[in-house]
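# Structural characterization, general
Chain by chain, the residues:
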Amino acid sequence: MGNEIETDRSVALTIIIPVFNEEGNILLLHERLTKTLQELGQTYELLFIDDGSRDGSFERLKALYGQDPTVRVVRFVRNFGQQTAVTAGFRYARGKSVVLIDADLQTQPEEIPLLLQKLEDGFDIVYGVRQRRRDPIWRRVGSWAMSHILFRITGIDIPDSASGFIAMDRRLVDSINLYQEKSRYLSGHFAWLSYGRWASIPVTHAARTAGQTKYSLAKLVELTLNFVCNFTTTPLRFASFAGGALFSLSLLVFLGLMLTRLAQWSGRTPVWEVAVLIAAMGVFTGFQLLFTGILGEYVARIFTEVKQRPPFAVREILDHAKEESSSSD
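## Some remarks on the overall build of the protein chain
Helices and strands together make up the secondary structure of the protein chain, namely 11 helices and eight strands. The burial tally for the protein chain puts 45% of its 329 residues in the buried class. In the protein chain, the proportion of contacts linking residues at least 24 apart, taken out of those at least 6 apart, comes to 85%. Working note: accessible area of the protein chain is about 17,100 Å², and carbon and sulfur atoms make up 60% of it.

Okay, structure coming up:
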């Protein structure tokens, strides 16, 4: 399973919550979400995507499903990563509006109405921009650098790119569901598809109440590569320009050595000439390996796409509506 797209639009609002080893946060998150959404006075559903949790997260979700008819649970067969979990959430969401929130309680469920109020002004997407972030310093610096550098490379502006707290219009969700890339950076899709029709509001960012962050430096680098490779060919062009520059430099070095040999400059020994050649070869070889790696990143994504594997596999779905439909049949 992994290619289903929900067509039922029976609720006004879907809250998508990716979950991976968050058993310590789930009950409190559900309590705060329920209180906030009931005060809104509109129909809603809580769509939990269990991304292959290895702790007691699914047991907690299953218990909530038995108690609360607004809860739906999609359980993966294994961990596929947050980007894939969010992708599944978009495909299974029934709401006319969709809110994405992390399960770690670092963003506040009580601020969901602020995002929805801004969304009603006609925007496709509203970002919750975190104030006074409580993440480790390396993550804050990495997120800031990634947002600004990638804007320079691609021209796509992603406010607070690591944020997992957003509200989206149904039309944007349907547009995102049309795209089938296996290696994803969803913030890039958000920015690319909502160009000029997005807004942001400041939101509170709290420390984790339980569990550990799931984003390592390696995952942030992987997301950056996915974004760059999916939205621009600039690195390939840069490789071509750098190759031409290195060729010109190498040619100049070669000609300089030949002139040195012919002129028999004093103070220049064969050892010096060999050292220059070795250094030039080292630089040239290093750049070759670097740009082979860049090319490999693109080729690897082509390889992933042509295999035509589904982006995720579902182990089970807990859905009250489908159970009622089956029992009536």
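Moving on from the model shown.
## Considerations on the nonpolar core
Within the largest apolar cluster, 31 residues are counted, with the highest numbers of intra-cluster contacts made by Ile15, Ile17, Leu46, Phe48, Val99 and Ile112. Those elements that provide at least two residues to this core are strand S1 (11–19), helix H1 (26–40), strand S2 (44–50), helix H2 (57–67), strand S3 (71–76), helix H4 (112–119) and strand S7 (198–204). In this view, leucine 46 contacts Ile15, Ile17, His30, Leu33, Thr34, Leu37, Asp68, Thr70, Val71 and Arg72; residues no more than four positions away in its chain are not counted. If you look at the next biggest cluster of nonpolar residues, it comprises 26 residues, including Val86, Ala88, Ile166 and Leu186.

## Some details on the pattern of salt bridges
Here the idea is simple: oppositely charged side chains can pair when their charged atoms come close. Per the counting criterion, the structure on display carries nine salt bridges. Across the pair glutamate 45 and arginine 72 runs a salt bridge whose closest N-O atoms are separated by 3.0 Å. Placement of glutamate 45 in strand S2 and of arginine 72 in strand S3 is noted, with a sequence separation of 27 residues between them. Assigned by exposure class, glutamate 45 and arginine 72 land together as buried. What emerges from the salt-bridge pattern is a single network uniting Glu45, Arg72, Arg94 and Asp319.

## Quick look at the environment of alanine 167
Tracing the sequence through the fold places alanine 167 in strand S6 (residues 166–169). Along the primary structure alanine 167 and tyrosine 127 are separated by 40 residues, whereas in three dimensions their C-alpha atoms are 6.8 Å apart. When near neighbours in sequence (up to four residues on either side) are disregarded, alanine 167 contacts Val98, Val99, Leu115, Leu116, Leu119, Asp124, Ile125 and Val126.

## A few points about the environment of glycine 24
With respect to the helices and strands, the residue glycine 24 is situated in the loop between S1 and H1. Residue class for glycine 24 comes out exposed when judged on its relative accessible area of 53%. Remark: the alpha-carbon pair of glycine 24 and glycine 56, spanning 32 residues in sequence, is separated by 8.8 Å.

Analysis parameters
Residues numbered from 1 in each chain as written. Predicted model: local features only at pLDDT ≥ 70, side-chain atom pairs only at ≥ 80, totals over all residues. Heavy atoms only, no water. Helix = DSSP H or I, 4+ residues; strand = E, 2+ residues; numbered from the N terminus. Buried < 20%, exposed > 50% of the residue type's maximum accessible area, 1.4 Å probe, protein only. Contact = heavy atoms within 4.5 Å. Areas by Shrake-Rupley, 256 points an atom, 1.4 Å probe, with all protein chains shown as cover. Core = buried A, V, L, I, M, F, W, Y, C linked by side-chain atoms within 4.5 Å. Salt bridge = Lys/Arg side-chain N within 4 Å of Asp/Glu carboxyl O.

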